[in-house]
Amino acid sequence: KFETYFVNSVLVAGGSTLLTIAVAVLAAYGITRFRFRGRESIATTMLFTYMFAPIMIVIPFYIMMRKLGLANSHLGLMLSYTSFSLPFSMWLLRSFFQSIPIELEQAAMIDGASRPQAVVRVVVPMALPGVIAVSIFIFIVAWNDYLFARVLIGKDDLKTLPLGIQDLYESSVTDWGMIMAAGVVITIPALVFFALVQRHLIAGWGAGGVKG
C-alpha cells in the first residue's frame, strides 16, 4: 500500500505545515506589534518549551487525543506535529517581524488600508523568507516523523510512509531492495518542496516595501 502511505504522508505533512504557519504568523505578529504585560516572557517560554524532547510528551498527548476522540486520525497526527513545531516557528517568525519597520505598516494604513490588509500586503511579503524557512522545517519534521505516527495511528489505511517502511522491515521476509527503493522515493517530495520554495527565500526580501 505504498501509494496509500504516500498520500497519507502528503496530506498530514501539508496540513501540518499550513496549520502551523497560520497560527505562528498570527502569534508572532501579535507579540511584536501589540504591547501587553508579559509578552517577552511569553516569547521566552515559547522557545523553552521546544527544549523538551518529543518522547516526554507523546504519552500524555496520546491520552489527550484519545479522550478527545482524535486518536487514530490524521487530524490528531497533524495537531501533534503542530504542537511540536509551533514554539520554534513562532520564535523564528518573531525575529523576522521585529526586523520589519513598523513605519511601512503605518504608511499603508495611512493610505487607507486596514490592519489586516497592511499585514497581508506589506508585513507578510517582507517576512516571506522566514515563512518559507519555517514551512520547510515543519514539512520535513512532519514528513519524517515516526514516533507520533506509531503511537497515534493503528489502522493500516491511515499509516504514513515511515510506518509503512518499518512494517516492510519487520515482515517475515525482508526485501532490502524494496526498502531501499522506498527510502529513495521518500526523499523526493521533500527535495521537490524545497526546490519549489527556495527561490522565495531571496525574492521575499523587500517585497511590499515600495508602493506602485
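Residues numbered from 1 in each chain as written. Predicted model: local features only at pLDDT ≥ 70, side-chain atom pairs only at ≥ 80, totals over all residues. Heavy atoms only, no water.

Caption draft 1: Spatial organisation of the overall build of the chain. Check the secondary structure of the chain and you find 11 helices and 0 strands. Listing every helix and strand of the chain by position from the N terminus yields α-α-α-α-α-α-α-α-α-α-α. The principal-axis extents of the C-alpha atoms in the chain amount to approximately 70 × 35 × 25 Å. Looking at the chain residue by residue over its 212 residues, the buried ones come to 38%. (Helix = DSSP H or I, 4+ residues; strand = E, 2+ residues; numbered from the N terminus. Buried < 20%, exposed > 50% of the residue type's maximum accessible area, 1.4 Å probe, protein only.)

Caption draft 2: Just the packing of aromatic side chains, in detail. Here the structure, examined in full by the defined rule, presents 8 aromatic pairs. A ring pair is formed by Y29 and F34, whose centres lie 6.0 Å apart and whose planes are at 85°; its orientation type is edge-to-face. Between F139 and W143, the ring centres sit 5.7 Å apart and the planes meet at 15°, which makes this aromatic pair stacked. Placement of the pair is F139 and W143 together in helix α7 (residues 128-144), with a separation of 4 residues, close to one helical turn. Both residues of the pair, F139 and W143, belong to the buried class. Members of the aromatic cluster, each reached through a chain of ring pairs, are F2, F6, F139 and W143. Over the ring of W91 we find R94; its NZ or CZ atom is 5.0 Å from the centre of that ring. (Phe/Tyr/Trp six-rings, centres within 6.5 Å; stacked < 30°, edge-to-face > 60°. Lys NZ or Arg CZ within 6 Å of the ring centre and 35° of its normal.)

Caption draft 3: Representation of the nonpolar core in the model. Of all hydrophobic cores here, the largest spans 22 residues; its most connected members are L77, Y81, W143 and F148. Of all the secondary structure elements, the ones that give two or more residues to this core are α1 (2-33), α3 (58-67), α4 (74-98), α7, α8 (147-152), α9 (161-169) and α10 (176-197). Those residues in contact with W143 that lie beyond four places of it in its chain are F6, S9, V10, A13, L161, P162, I186 and P189. In this structure, I21, A28, Y29 and F96 belong to the second largest nonpolar core, which totals 21 residues. (Core = buried A, V, L, I, M, F, W, Y, C linked by side-chain atoms within 4.5 Å. Contact = heavy atoms within 4.5 Å.)

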